[in-house]
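Listed here are the chains, written in short residue letters.
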Amino acid sequence: MSIIVRFAPSPTGFLHIGGARTALFNWLFARHHGGRYLLRVEDTDRQRSTKEAVAAIFDGLDWLGIESDEPPVFQAERIGRHQEAVRRLLDAGHAYRCYASVEELEAMRAAAKAKGVPARYDGSWRDRGVAEAPEGVAPAVRFRAPQSGRTVVRDLVQGEVVFDNGQLDDMVLLRADGTPTYMLSVVVDDIDMGITHVIRGDDHLNNAARQTNLFKALGAEVPRFAHIPLIHGADGAKLSKRHGAVSVSAYREMGFLPEAMRNALLRLGWAHGDDEIISAEQAVAWFDLDAVGRSAARFDLDRLLALNAHYIKERPDAELAGLVAPLLKAKGFDLDATGRGRIEAGMGGLKQRARTLVELADNAVFYVERRPLTLKDKAGRHLADDAVRRMLERLAGHIVGLGSWDEAALESACRAFAGGEGLGFGKVAQPLRVALTGGTVSPGIFEVMRVLGRDEVLGRLEDAAQGRNLAERQGGRNLAAPQED
RNA sequence: GUCCCCAUCGUCUAGCGGUUAGGACAUCACCCUUUCAAGGUGAAGACACGGGUUCGAUUCCCGUUGGGGAUGCCA
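Note that this is a predicted model, so its numbers are computed, not measured. (Residues numbered from 1 in each chain as written. Chains lettered and ligands numbered in written order. Predicted model: local features only at pLDDT ≥ 70, side-chain atom pairs only at ≥ 80, totals over all residues. Heavy atoms only, no water.)

Regarding its fold elements, chain A presents 18 helices and 14 strands. By the compact-globule yardstick of 23 Å for 485 residues, chain A is too spread out, its C-alpha radius of gyration being 31 Å. When the backbone C-alpha atoms are referred to their principal axes, chain A occupies close to 105 × 45 × 40 Å. Looking at chain A as a whole, 49% of its 485 residues qualify as buried. In chain A, the share of contacts with a sequence separation of at least 24, taken over all contacts with a separation of at least 6, comes to 76%. Summed over its atoms, the accessible surface of chain A is roughly 22,400 Å², and 50% of this surface lies on carbon and sulfur atoms. The positive charge centre, built from 63 side chains, and the negative charge centre, built from 67, are 2 Å apart in chain A. (Helix = DSSP H or I, 4+ residues; strand = E, 2+ residues; numbered from the N terminus. Rg over C-alpha atoms; globule rule 2.2 N^0.38 Å. Buried < 20%, exposed > 50% of the residue type's maximum accessible area, 1.4 Å probe, protein only. Contact = heavy atoms within 4.5 Å. Areas by Shrake-Rupley, 256 points an atom, 1.4 Å probe, with all protein chains shown as cover. Lys, Arg positive; Asp, Glu negative; His and termini not counted. Charge placed at Lys NZ, Arg CZ, Asp CG, Glu CD.)

If you walk through the whole model with that rule in mind, you get eight aromatic pairs. For the ring pair Phe25 and Phe287, a centre distance of 5.0 Å and an interplane angle of 50° mean the geometry is tilted. Placement of Phe25 in helix α1 (residues 17-33) and of Phe287 in the loop between α9 (280-286) and β12 (297-298) is noted, with a sequence separation of 262 residues between them. Phe287 carries the same exposure label as Phe25, and that label is buried. The structure contains a cluster of three or more aromatic residues connected by ring pairs, namely Phe25, Trp270 and Phe287. Geometry around Phe425 places Arg415 over its ring, the cationic atom sitting 4.5 Å from the centre. (Phe/Tyr/Trp six-rings, centres within 6.5 Å; stacked < 30°, edge-to-face > 60°. Lys NZ or Arg CZ within 6 Å of the ring centre and 35° of its normal.)

What follows deals with the pattern of salt bridges. Scanning the model with the defined rule gives 36 salt bridges in all. Between Asp127 and Arg144 there is a salt bridge whose closest N-O contact spans 3.3 Å. Of this pair, Asp127 sits in the loop between α4 (102-115) and β5 (140-143) while Arg144 sits in the loop between β5 and β6 (150-155), and the two are 17 residues apart along the sequence. Using a relative accessible area of 67% as the deciding quantity, one classes Asp127 as exposed. Judged by its relative accessible area of 24%, Arg144 falls in the partly exposed class. With a shortest N-O distance of 3.2 Å, Glu462 and Arg468 are connected by a salt bridge. Several salt bridges converge on common partners, so that one network encompasses Arg6, Arg40, Glu42, Arg78, Arg81, Glu84, Asp189, Asp190 and Asp192. (Salt bridge = Lys/Arg side-chain N within 4 Å of Asp/Glu carboxyl O.)

The environment of RNA strand B is made up of 65 residues, and the closest members are Arg175, Gly269, Arg294, Arg353 and Arg433. A breakdown of the atoms of RNA strand B within 4 Å of the protein gives sugar and phosphate a share of 72%. Glu42 is positioned such that a nitrogen or oxygen atom in its side chain is 3.2 Å from a sugar or linking oxygen of RNA strand B. Within the side chain of Asp274, a nitrogen or oxygen atom sits 2.8 Å from a base nitrogen of RNA strand B. Of all the secondary-structure elements, those providing two or more residues to the surface near RNA strand B are α4, β5, β7 (159-164), α6 (205-217), β12, α10 (301-314), α16 (425-437) and α17 (445-452). (Near = heavy atom within 4 Å. Polar contact = N/O pair within 3.5 Å; in protein donor to acceptor, adjacent residues only side chain to side chain.)

Now for the pairing of strand β2 (residues 36-41). For β2, the buried fraction is high: five of the six residues fall into the buried class. Pairing geometry for strand β1 (residues 4-7) and β2, over four bridges, is parallel. Counterpart to Val5 in the pairing with β2 is Tyr37. Of the pairings in the sheet, the one linking β2 to strand β3 (residues 73-74) comprises two bridges and is parallel in character. Note on β3: the bridge partner recorded for Val41 is Phe74. The β-α-β motif built from β2, the intervening helix α2 (residues 51-64) and the parallel element β3 has right-handed crossover chirality. (Pairing = 2+ DSSP bridges. Right-handed = clockwise from strand over helix to strand, strands pointing away.)

As a volume, the largest pocket reaches approximately 1,200 Å³. Lining the largest pocket are 38 residues; nearest its centre among them are Ser10, Thr12, His16, Asp203 and His204. Every element with two or more residues in the lining of the largest pocket is listed here: β1, α1, α5 (182-192) and β9 (197-201). Looking at which element gives the most residues to the lining of the largest pocket, the answer is α1, with four residues. Tallied by class, residues from the lining of the largest pocket come to 15 nonpolar, 13 polar and 10 charged. (1 Å grid on protein atoms, 1.4 Å probe; cavity = no way out; pocket = protein on both sides within 12 Å on 5 of 7 lines; lining within 4 Å. Points joined across faces, edges and corners; volume = space filled by probe spheres on them. Nonpolar A, V, L, I, M, F, W, Y, C, P; charged D, E, K, R; others polar.)

The next thing to look at is the packing of helix α12 (residues 337-350) against helix α13 (residues 357-368). Orientation of α12 relative to α13, taken along the N-to-C sense of each, is 130°, at an axis distance of 10 Å. One finds that α12 runs oblique with respect to α13. Here α12 and α13 pass one another in a crossing that is right-handed. Residues Gly339, Arg342, Ile343, Gly346, Met347 and Leu350 of α12 lie in contact with α13, whose contacting residues are Leu360, Asn363, Ala364, Phe366, Tyr367 and Val368. Classifying every residue of the contact of α12 with α13 by side-chain character gives eight nonpolar, three polar and one charged. (Axes fitted to C-alpha atoms, helices over the stretch in contact; angles between N-to-C directions. Parallel < 35°, antiparallel > 145°, perpendicular 65-115°, else oblique. Left-handed = near helix turned anticlockwise from the far one by under 90°.)

The analysis is restricted to geometry; functional conclusions fall outside its scope.
Okay, here's the thing in structure tokens:
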């Protein structure tokens, strides 16, 4: 039997990282076993579902490269099937109409809680006939769940979990307005879609028991369940808005690469020995449910950052230049051919120093800035001394006629100059760096000179010598504040 | 309250009865060095507790504690 799994988000908000990981695990599981991965939008709650959320979820999944093997199924469009299933259940005596009001239900729960018994619907309409129905009250339809015995969920991750049927109440299948609830639609749709394995967050573990009984009542085979542990926030609680960045799109905006995100998500609750950097191909080859852990994990931004730094280094320079261009544009730097050329030529040194695309863009600014440069933070003090400026002027004179403008030639010329001045190389390099980049932190100075080109270097040197640089600007927006030396 | 799940360094984890309890991130040193990174080397850092079972428990069982989840006409 071929494996069919699905990711079934409810479009009541953005795609958060927990959902993204669930999708990833499903997708990986299908790919690994040569099965199919489907997408189903659980939008039976018409009040809270929005088109924007659907778009955000699709967009996030797309960005992560988790593509569905078939067009997405919209649950709301399948109401007919759900209602039909309820009719069958009603006919077979597996369901009944319940006329209890919302107030009554609340009272029931409060009473149960006070008595210390499971808070659940008391089943008072289980065996009452329609004749007793109060007037003008539209009934909800409830499942007639088994009241004794136990339901066993054989879970691929959690093992065998036993529930006392006395704990499980008669869940609502159809609301009073005739719309299906989640509990009903998941089961009907999973049956119709031929889902063989249900991989989802373990906040659904309890539901698995109730759904198991529904599957049986519907005469269907119960799929295999795999409830994966939740991802928690830094405080150890279930992820919510108050945990800061939780949406996939937020991470995208922070400058993370999808491959880094996937790698990070993959390693939450799943491991393959000591492997940390895992490619998409390896993930497919290695992933299986037996290696999924059972304890909740916290999402660690530092790890993501480290992974992202790794994947940035692995990306070709041209690709990174393309990724950074729009970020630079947003900062007001529209790249011309020269700018683009410099960004790509300087990418080697740039990408060594960035953990996010945002940092990469911030650090690349000096390559596309127009003269005279605006000095960063307190960098100006390196250029404040008149003797230093004259030194820079002499340096310009020393390199202006250089035969070749490559890094090796630049280095030997600059070192020779420093020697001639009786200065340690650092005494020359740092003012030079500030003159050329406007800051005290940058890629290797010879690389910078090479990328900038002779004219620009000479021009920036002259600006510095003449004291033409502009006063400091606001500090960078790097995740890691740039260190002052 | 009731039910369910979980428990190895700060974090993510390896471990599947006998290990100097391993790796990664973060931290701290040192090396390299034109700054910052990167890289290299090293350090510090964990089996929640109590009972069993066993020749032997991080590992198996029970309990305690702690954390989480579910208790909806949300999903």
